[in-house]
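# Tertiary structure, described
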Amino acid sequence: MHLIIAEKHIAAKRIAAILAPSKTKQVRVSGVDTYEYESDEGKQIFIGLSGHIVKLDFPKAYNNWQKVEANELIGAEIITTSTQVKIVSALKKLGKEATRVTIATDYDREGELIGAEALEIIQKVNPEVVFDRVHYSAITPKAIDDAFSNPTNVDFNLADAGHSRQVIDLVWGASLTRYISLAAGRLGKMFLSVGRVQSPTLALIVEREKEREAFIPKPYWELSALLKSKTGEEFKAEHRTKRFWDKAEVDAAMEKLSIGDEALVTELTTSEKIDKPPTPFNTTEFISAASSIGFTAANSMRIAETLYTNGFISYPRTDNTVYPESLDLRAQIEIFKTGAFKQYALKLLEKKELVPTKGKKETTDHPPIFPASIAKKSEMNEQEWKLYEMVVRRFFATFADSAKWETIKSKFDISGEEFKANGARLVEPGWRWYYHYNAPEDRLLPKMEEGDKHTLTKLDMEAKETQPPGRYGQGRLIRIMEEMGLGTKATRHEIISKLYSRAYVHGNPLQPTKTAIAVVDTLEKFAPTISKPDMTSKLEADMDRIAEGNIPEENVLNESREMLEVVFTELGKNKDDITESLRAGLREDKIIGTCSQCSSNLMVMRSKRGSRFIGCEGYPDCNFSLPLPRSGQIIVTDKSCEEHGLYHIRIITPGKRPWNLGCPECNFIEWQKAQEEEKKNQNTDKERPKTLNDISGIGKVTAEKLADAGICSVDELCEADALELAKVTSIPVKKIKTWQSDIV
DNA sequence: GCAAGGTC
C-alpha cells in the first residue's frame, strides 16, 4: 500500500481526486477521513495532517514558575508530544501497512518539517518503509501530475533547520517570559511575554511612540487663493512657498495681494501619467488592502479562512505574488461569465492575451490569492462578501490595462507672487474600473491657456503645525514586519493580536501601554538580542546553513544556548535595576489621575478580597474611591476626561470586543443615576395588587386553583404557607414564593 | 500560565 501524506485534509482530498482514475473512496481511520483508490501500483491511500501534529515542550517538572529558576530552561530537556492524537494514531495504523510513503506537504521549510514529523511517527512502527517527497506550488491537475511523476527525497537538513527554530523559539521565549514576569511580579494570567518576533514588533511600536513624545511641533503658515476664470469657474491655487516658516514672510506676501487682483497664467504643462495595475495578492498585500477598507488584520484573516474553506477563494496564506504557470488563468476568469462580476469578466475575456502583473516575491509555497469559485451575495454575510469582492476585483485588475491620467501643472503670477495649481483627470480608467478601492479623485481645473487672466476672489492664510510621525496601523505594521523578516504570512496577524491580549497595546493605530514601554526598555538595555529583528535574520542565516548541510543543527543550538546564558548573566547582574524599572512602568499604567479631594494619585488597586477598584494613594487620610468592573483587563488610555481629569478606561476580554468604559467617575455617576431611576420606577410602577388577578402569572385557571385552596385575596396569599399551598394546588413552590416576595 | 509555526 502506498500512503500519501498532505499538510491539510482538503489538500489530501483534492490531490487524491486529481490522481485517481475514477472516484475515490472515503474511509475513516481512527476518526480521520482518508481517501483511497486502486491502481496498477496497488492501493493508494491519502491522508491530510493539520499542520504540525506534534509540539515541543519542557517536561512537567519544569512547570512551576516560582520553583524553577528561569535560566534552568536553557539546558532543560525538550520533549515532543502529539497535539493531534487522532491523526497520529491514524498515521501509525496506516504506516504499519504501508510499503511506500510519499510526503506531499507544502513546498516550504515548515512543510518539510511537518512531513518529517509524520515520517518519524511512521518509522517507529515501520522502520523499513520506503519514502519519498513531492513538490507542487498549486493543486491543479498539471502541477500534481508533474509532481507525482518526479518524486524526490525528503530534505532532512531543511527539516532540521525548521526544528532548530522551534527549539530556539521555545528556549528563549519561555525562559525570558518567565524571567521578566517574575521580576515584575506579574504571574498568573497577567504574565509578561517575550519572544523573538513579538518583542521586536513591540519595540517598533514603542520606538514610534517615543518619537512622537519627543517631537516638537514647529509652526508654519500656508497661503492659498481662490481664483475665478473668465467662464466663472472657481478653483484653488497654492502659494509656491508651500510652508512659510516665518510669519513675517507670509504677512509680506499677503500685503501685496488684494481681492480682485489679476492672476496671469504664466506656465501650463499638460502631461500623461501612467498608473500601472496592481500586483497579485499575497497575504501581506491582502491584509494591507483589507485594512485600508476598515478590517483588522485578525478579522480579515478569519474571514479569508472562511472563504477558503467554503471554496470561494484560494489558499489565503501565501508569500507568492506571481501566478504559477500551472494555473489556467483564462479558465479562472471564465468562471465569472455570469453573476455579479459578469461585465468585468466578459470585458477581460475580450483580450486575446491575458498577461498578469507580477509582484516582487515569487515563492514555491502556494499561488497568490485568487477567487476559486463564483459566489452569490446571498451565500455569505456582508463582511465576507466585501472581502470576496475585493479578491475578485483585484484578480481581474492584475490582467487589466494601465490607467491613464491627464495631469496639468499651472503657475500664476498674482501681483508678483507665484501661485500653483495642479490638476489630474482620469482619462482611461484601465484597471481602476475593475478595482475601485482607494482611488484618488479627479482634481479638475478649468480650461485655460498661457496668458489667460483669472481673478483673485479669496485669500486664505492658515496657521498650522508640523505633526509627529503617525502611529502604525495594523496594515502598515504587517508590511513593516514582512520587510524586516519578522513572523510569517500565517503568524503576523496573530502576533499583533497577541500584543493586544497581553495588554501591551491598545487602539488602532496601535498605542503601547507604559508596561510595554517598560518591558521594551528593559529588554533593550539588558537583553537586546531578543528585542531586535537581527535575531531573526541571524536565525534565518543559520537555518540556511543547516539546510545546505554546512553545519549540523546541534552546533547552532549549542551556540544559541551559550548566547542565552550570556544574556542571563547580564540579567542576573542587574536584577535590582530590572525589577525597579519594570515596576515603575507597571505602576504608571495604574495611575488614573489626581484625586479631587486630596491631590494624591488615584490608582487601580486590589482589595483584600481580590476585587479591583480605583483608590486614592492618600488612604487612610482620604478614602475617595470608584468602582471597576469585576473582569477583563483594565487599560488606562491617554485620553482624559474634560470634567474630572481622569484617564479614560478600556476593558479588554479575549474573544470580545473591547469595552470603552470612558471616564471612571462619569461612568460611576451615570451608574448611580441609573440606579436611582430604577428605584423610582419600582416605587411608582409597583403598587400593591388589589386582587389576585392583578398579579402577573395568575390567570383564570390559577385563580380557581387558589380559590379551591381557600385563597381569595392578596392578603391571604401573602400569609399562606408556600409549601403547603404548593402541595394543595400543585402550583410550583418557586412561583408562589415569587408572588409573595413581589407584593410590596 | 511560557514562543512561533503550522491548521480550523
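An unreviewed UniProt entry lists chain A under the name DNA topoisomerase 1, with Methanolobus profundi as the source organism. Here chain A is described in UniProt, under the heading Catalytic activity (unreviewed entry), as follows: "ATP-independent breakage of single-stranded DNA, followed by passage and rejoining." Turning to chain A, the UniProt annotation filed under Sequence similarities (unreviewed entry) states: "Belongs to the type IA topoisomerase family."

Tallying secondary structure elements over chain A gives 24 helices and 23 strands in all. Here the C-alpha atoms of chain A give a radius of gyration of 35 Å, more than 25% beyond the 27 Å that 2.2 N^0.38 yields for 744 residues. Based on the C-alpha atoms only, the size of chain A along its principal axes is roughly 105 × 85 × 70 Å.

Cross-referencing UniProt, the feature "active site" (unreviewed entry) maps to Y315 in the present numbering. One can find Y315 in the loop between α9 (297–309) and α10 (329–334). According to the C-beta neighbour criterion, Y315 is buried, with 23 such atoms within 10 Å. Once residues within four sequence positions are removed from consideration, Y315 is found in contact with Y308 and H366.

Here the focus is the protein's contact with DNA strand B. Around DNA strand B, the structure places 43 residues, and the nearest of them are G51, W65, G173, S193 and G195. Taken together, the elements giving at least two residues each to the surface near DNA strand B come down to α1 (9–19), β5 (54–57), α5 (156–184) and α9. For the surface near DNA strand B, the element with the most residues is α5, which contributes eight residues. Partitioning the surface near DNA strand B into residue classes produces twelve nonpolar, 20 polar and eleven charged.

Inspection of helix α13 (residues 474–484) places Q474, G475, L477, I478, M481 and E482 among the buried residues, and these make up the whole buried set. Along the axis of α13, the buried positions cluster into a sector of 165°, meaning they face one direction only. Of the surrounding secondary structure, the elements contacted by the buried residues of α13 are α6 (198–214), α8 (283–292), α9 and α14 (492–501). Positive phi shows up at G485, right after α13, with a value of about 75°.

In an α-helix, one turn spans 3.6 residues; hence positions three or four apart end up facing the same way. Taking 1.5 Å per residue, 13 residues should reach 18 Å; helix α15 (residues 514–526) reaches 18 Å between its end C-alpha atoms and fits that length. Residues of α15 that are buried: T515, A516, I517, A518, V519, V520, T522, L523 and F526.

Once that is clear, we can look at the nonpolar core. As a rule of thumb, nonpolar side chains are buried together in soluble globular proteins. Of all hydrophobic cores here, the largest spans 128 residues; its most connected members are I5, I15 and I47. The dominant element in this core, judged by the number of residues it contributes, is α5, at twelve residues. Residue contacts for I15: discarding those within four places in its chain leaves I4, A6, F46, A104, I139 and I144. One finds C595, C616, I634 and C663 within the second-largest nonpolar core, a separate group that totals 13 residues.

Time to look at the UniProt feature "domain: Topo IA-type catalytic" (unreviewed entry) in chain A. Per the UniProt record, "domain: Topo IA-type catalytic" (unreviewed entry) is found at residues 155–568. Across residues 155–568, the secondary structure splits into 43% helix and 17% strand, with the terminal C-alpha atoms separated by 35 Å.

This part is about the environment of E350. Within the secondary structure layout, E350 lies in the loop between α11 (342–349) and α12 (382–397). Taking the C-beta count within 10 Å as the criterion, E350 has 6 such neighbours and is therefore assigned exposed. Placed 314 residues apart in sequence, E350 and E36 show a C-alpha to C-alpha distance of 42 Å.

The six strands lie next to each other as β2-β3-β4-β1-β7-β8, forming an open sheet whose pairing is mixed. Here the strands that pair on one side only, and so sit at the sheet edges, are β2 (25–29) and β8 (130–133). Averaged over all pairs of adjacent strands, the angle between their axes in this sheet comes to 25°, without regard to strand direction. In the sheet, β2 pairs with strand β3 (residues 32–39) via five bridges, with the strands oriented antiparallel. Within β3, the position partnered with V29 by the bridge is V32. α1 rests against β1 (2–6), β3, β4 (42–48) and β7 (100–104) of the sheet, and its axis sits at about 150° to β4. Where helix α3 (residues 109–125) meets the sheet, it contacts β1, β7 and β8, and its direction lies at approximately 160° from that of β7.

Rules used throughout
Residues numbered from 1 in each chain as written. Chains lettered and ligands numbered in written order. Predicted model: local features only at pLDDT ≥ 70, side-chain atom pairs only at ≥ 80, totals over all residues. UniProt positions renumbered as here; feature names shortened; annotations may be inferred. Helix = DSSP H or I, 4+ residues; strand = E, 2+ residues; numbered from the N terminus. Rg over C-alpha atoms; globule rule 2.2 N^0.38 Å. Buried ≥ 20, exposed ≤ 12 C-beta atoms within 10 Å, placed from the backbone. Contact = placed C-beta atoms within 7 Å. Near = placed C-beta within 6 Å. Nonpolar A, V, L, I, M, F, W, Y, C, P; charged D, E, K, R; others polar. Arc of directions from axis to C-beta. Expected span 1.5 Å × (residues − 1). Core = buried A, V, L, I, M, F, W, Y, C linked by C-beta atoms within 7 Å. Pairing = 2+ DSSP bridges. Axes fitted to C-alpha atoms, helices over the stretch in contact; angles between N-to-C directions.

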